[in-house]
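What follows is each chain in one-letter form.
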Amino acid sequence: VISLGSSVQYSSDLCNWKGSGLTHETHAKDVEQVYLRCSEGSVEWLYPTGALVINLRPNTLTSVNKHFTVCIKPFTDSKGANIYVEKSGELSVVVPEGEISPSKVYCFSLEQRRLYIEATPQLDISRKITGFQYELISQRTLSDLRTVSVVKGSIRAVTSEQETHESFIDVAVGKLYRQKNKIFLPKEGGGWEGTIRTNLECGVKTGMGNFLFTGRMHFGEPRMGCAPRYRDFKRIYLEAKNQGLNPCEISMD
């Protein structure tokens, strides 16, 4: 059971933290408080002993954005601790030790803006390192079109990976509305092409028709949610436009 202590460690760059459990090995029940001020970064805990509380206080979020989603991507060799969040006053494990898959990303809501990391009993802690990348996503971030890439195109091929619960989509782009990073590149004969990731549960398959692909960079890779067919998006878009509810304009063709 994690019980809060008074030890505090501040990250030198406010985004990334690297520390060692050996600093309190003689009193393993201590809890260290770590404060991070960025919306993305990494945590690396060498020789995990006792527990950490990672307090996420990004400067980009205000009291208006009280609730947000955090995504963490464990390092490939991460081991030695369980990761918890607080739900209804109790700690709930979200990333248990031993269930980490390569490239898997864990996303969950975070109301208290804290992650709890507790070391599991180990005979040899010197062989263990707990580490992960993190990203914070607020509703405001999701609606900020400056960070989103938007294209209309068709699906040329889909490759699915059961282990990571992801699908890789090879997209032939008919129209490029906006892209922040060089996800889609020009191809011979005109048009654009590129590969993006999405969740396996979207059930993406190759087939006829155009889709509207929207997404953002996620841990350095282009990702998106489930893509609607372009005709369905166009219908919804025009209905919202007629009601004056659209926050932005997209040229229809």
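Because the structure is a prediction, the values reported are computed rather than measured.

A. Summary view of the overall build of the protein chain. Of the regular secondary structure elements, the protein chain holds 2 helices and 17 strands. By residue count, 42% of the 253 residues in the protein chain fall in the buried class. Pairs at least 24 residues apart make up 67% of the contacts formed inside the protein chain by residues separated by at least 6 positions. Carbon and sulfur atoms make up 49% of the accessible area of the protein chain, which totals about 14200 Å².

B. Local environment of the pattern of salt bridges. Across all of its chains, the model carries 4 salt bridges by this definition. Residue Arg114 is joined to Glu86 by a salt bridge in which the shortest nitrogen-to-oxygen separation is 3.3 Å. Of this pair, Arg114 sits in strand 10 (residues 114-119) while Glu86 sits in strand 7 (residues 81-87), and the two are 28 residues apart along the sequence. Here Glu86 falls in the partly exposed class, since its relative accessible area comes to 26%. Linking Arg156 and Asp170 is a salt bridge whose minimum nitrogen-to-oxygen distance equals 3.0 Å.

C. Representation of the pairing of strand 3 (residues 31-36). Counted residue by residue, strand 3 has 5 buried out of 6 residues, so it is predominantly covered. Pairing geometry for strand 3 and strand 5 (residues 51-56), over 6 bridges, is parallel. Bridge assignment links Leu36 to a residue of strand 5, and that residue is Leu56.

D. Quick look at the sheet that holds strand 11 (residues 129-137). Taken in spatial order, the 5 strands make up an open sheet running 2-4-11-6-9, and their pairing is mixed. Looking at which strands have only one partner, the edges of the open sheet turn out to be strand 2 (16-20) and strand 9 (106-110). The sheet shows a mean angle of 20° between the axes of neighbouring strands, direction not considered. Two strands pair when backbone bridges link them, and strand 2 and strand 4 (residues 40-46) are joined in this way by 5 bridges, in the parallel orientation. Considered in strand 4, the bridge of Asn16 is made with Ser42.

E. View of the state of the cysteines. All told, the structure shown has 2 disulfides when counted by the stated rule. Residue pairing for Cys15: its cysteine sulfur links by disulfide to Cys38, the two sulfurs lying 1.9 Å apart. Handedness of the Cys15-Cys38 disulfide follows from its S-S torsion of about -55°: it is left-handed. Of this pair, Cys15 sits in the loop between strand 1 (7-10) and strand 2 while Cys38 sits in the loop between strand 3 and strand 4, and the two are 23 residues apart along the sequence.

Rules used in this analysis
Residues numbered from 1 in each chain as written. Predicted model: local features only at pLDDT ≥ 70, side-chain atom pairs only at ≥ 80, totals over all residues. Heavy atoms only, no water. Helix = DSSP H or I, 4+ residues; strand = E, 2+ residues; numbered from the N terminus. Buried < 20%, exposed > 50% of the residue type's maximum accessible area, 1.4 Å probe, protein only. Contact = heavy atoms within 4.5 Å. Areas by Shrake-Rupley, 256 points an atom, 1.4 Å probe, with all protein chains shown as cover. Salt bridge = Lys/Arg side-chain N within 4 Å of Asp/Glu carboxyl O. Pairing = 2+ DSSP bridges. Axes fitted to C-alpha atoms, helices over the stretch in contact; angles between N-to-C directions. Disulfide = S-S within 2.5 Å.

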